[in-house]
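What follows is each chain in one-letter form.
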Amino acid sequence: MQSFAMLMVRSLFYVLFIVGVAHLFSMEGYSELTKSDYGEHSTTEQMHNAFAFISCVVFFIAAKLSQSLRPAVVIVATLVGLMLIREFDAFLDDNFFDGAWQVLVYSSIAASAFYLFKQPRPIKESLIEYSRSSSAGIFLSGILVVLVFSRLFGRGSFWEAVMGDGYMRVVKNIAEEGTELIGYALLVIAAVEFLWQVISKRRADKV
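First things first, this report covers the structure right here in the doc. Please read all numbers here as calculations on a predicted model, not as lab measurements.

**Description of the overall build of the protein chain**
Okay, step 1: In terms of regular secondary structure, the protein chain is built from nine helices and zero strands.
Okay, step 2: Here the C-alpha coordinates of the protein chain stretch approximately 65 × 45 × 30 Å along the principal axes.
Okay, step 3: Looking at the 207 residues of the protein chain, the share that counts as buried comes to 40%.
Okay, step 4: Accessible surface for the protein chain amounts to roughly 12300 Å². Of this, 67% is attributable to carbon and sulfur atoms.
Okay, step 5: When the 17 positive and 19 negative side-chain charges of the protein chain are each reduced to one mean point, those points stand 16 Å apart.

Right under this line is the structure:
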């Protein structure tokens, strides 16, 4: 009964979170009106970065708390971290040197690979165990939305075809960036859900 009650509480939290995300996304349009562009420096883009950072940190915290799932979750957290670095590609290239973001990506991959190589628990078993968690399904959904669907849905050629002479880039940006935002929101939910499961398991083991 207690488990069901906590499920309802978490579900309510996630609903309110998504409602808040949708509200912030629409508020940018209401505040900027016809000047809205939903571009690289928009509030929506900043939320992408914030959500990627939060989910990455939460996954790493969960990895620290779960020894059996640590290899799998380090891989998951690293993937989100790579997505975060990619979001800052223009900033890194403009303020450091051309290709700076690629150096960070390869360095992160190398560091994670070295860490995983030293882990005593087999990576395959850890990945299988993580795949059975509710977090894994939510995480995969978020990844598919951000990396696949939002890219295909936001193709300029598609929007130019359906809008014809009335094509407006801001409409295309709203569709693409909004879809990407919900994908990043799902990654946050996946990270929080997994952290909750890890904490719950640790508490149960102590009883």
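**Comments concerning the packing of aromatic side chains**
Okay, step 1: Evaluated as defined, the whole model comprises 10 aromatic pairs.
Okay, step 2: Consider the rings of Tyr 130 and Phe 194, whose centres lie 5.3 Å apart with planes at 80°: the pair is edge-to-face. Of this pair, Tyr 130 sits in helix α6 (residues 123–131) while Phe 194 sits in helix α9 (residues 169–206), and the two are 64 residues apart along the sequence.
Okay, step 3: Accessibility expressed as a relative area gives 1% for Phe 194, which makes it buried.
Okay, step 4: Judged by centre distance (5.3 Å) and plane angle (15°), the rings of Phe 149 and Phe 153 are stacked. Placement of both Phe 149 and Phe 153 in helix α7 (residues 134–153) is noted, with a separation of four residues, approximately one turn of the helix.
Okay, step 5: Three or more aromatic residues joined by ring pairs form one cluster here, namely Phe 59, Tyr 130, Phe 139 and Phe 194.

**Considerations on the packing of helix α3 (residues 70–87) against α9**
Okay, step 1: The N-to-C vectors of α3 and α9 enclose an angle of 150°; their axes lie 13 Å apart at closest approach. By the angle class used here, α3 and α9 are roughly antiparallel. Handedness of the crossing formed by α3 with α9: left-handed. Residues Val 73, Met 83 and Glu 87 of α3 form the contact with α9, whose own contacting residues are Glu 180, Tyr 184, Leu 187 and Phe 194.
Okay, step 2: A per-class count over the contact of α3 with α9 returns five nonpolar, no polar and two charged.

**Re the nonpolar core**
Okay, step 1: Counting 36 residues, the largest nonpolar core has Phe 51, Phe 59, Val 73, Tyr 130, Phe 139, Tyr 184 and Phe 194 as the members making the most contacts within it.
Okay, step 2: Elements with a minimum of two residues in this core: α1 (2–32), α2 (43–65), α3, α7 and α9.
Okay, step 3: Per-element accounting of this core gives the leading share, 10 residues, to α9.
Okay, step 4: With residues near it in sequence (within four places) discarded, Phe 59 still touches Val 73, Val 76, Ala 77, Tyr 130, Ser 135, Phe 139, Leu 187, Ala 190, Ala 191 and Phe 194.
Okay, step 5: Counting six residues, the second-largest nonpolar core is a separate cluster that includes Ile 85, Ala 100, Trp 101 and Val 105.

**Focus: a nonpolar patch on the surface**
Okay, step 1: On the surface, a cluster of nonpolar side chains totalling about 500 Å² of accessible area is made up of Phe 88, Phe 91, Phe 96, Phe 97 and Val 103.
Okay, step 2: One can find Phe 88 in the loop between α3 and α4 (89–95).
Okay, step 3: Relative accessible area serves as the criterion here: at 32%, Phe 88 is assigned to the partly exposed category.

**Quick word on the environment of Ile 75**
Okay, step 1: Here Ile 75 shows up in helix α3.
Okay, step 2: Measuring from C-alpha to C-alpha, the distance between Ile 75 and Phe 59 comes to 9.6 Å, with 16 residues separating the pair along the chain.

**What about the layout of surface pockets?**
Okay, step 1: Its boundaries defined by the atoms lining it, the largest pocket holds a volume of some 410 Å³.
Okay, step 2: If you trace the largest pocket, you find 20 residues lining it, with Glu 45, Arg 86, Glu 87, Arg 151 and Glu 180 closest to the centre.
Okay, step 3: Mapped by element, the contributors of at least two residues to the lining of the largest pocket are α3, α7 and α9.
Okay, step 4: In terms of residue class, the lining of the largest pocket is made up of seven nonpolar, two polar and 11 charged.

Definitions and cut-offs
- Residues numbered from 1 in each chain as written.
- Predicted model: local features only at pLDDT ≥ 70, side-chain atom pairs only at ≥ 80, totals over all residues.
- Heavy atoms only, no water.
- Helix = DSSP H or I, 4+ residues; strand = E, 2+ residues; numbered from the N terminus.
- Buried < 20%, exposed > 50% of the residue type's maximum accessible area, 1.4 Å probe, protein only.
- Areas by Shrake-Rupley, 256 points an atom, 1.4 Å probe, with all protein chains shown as cover.
- Lys, Arg positive; Asp, Glu negative; His and termini not counted.
- Charge placed at Lys NZ, Arg CZ, Asp CG, Glu CD.
- Phe/Tyr/Trp six-rings, centres within 6.5 Å; stacked < 30°, edge-to-face > 60°.
- Axes fitted to C-alpha atoms, helices over the stretch in contact; angles between N-to-C directions.
- Parallel < 35°, antiparallel > 145°, perpendicular 65-115°, else oblique.
- Left-handed = near helix turned anticlockwise from the far one by under 90°.
- Contact = heavy atoms within 4.5 Å.
- Nonpolar A, V, L, I, M, F, W, Y, C, P; charged D, E, K, R; others polar.
- Core = buried A, V, L, I, M, F, W, Y, C linked by side-chain atoms within 4.5 Å.
- Patch = residues over 30% accessible without salt bridge, like charges linked within 9 Å, V, L, I, M, F, W, Y side chains within 5 Å.
- Salt bridge = Lys/Arg side-chain N within 4 Å of Asp/Glu carboxyl O.
- 1 Å grid on protein atoms, 1.4 Å probe; cavity = no way out; pocket = protein on both sides within 12 Å on 5 of 7 lines; lining within 4 Å.
- Points joined across faces, edges and corners; volume = space filled by probe spheres on them.

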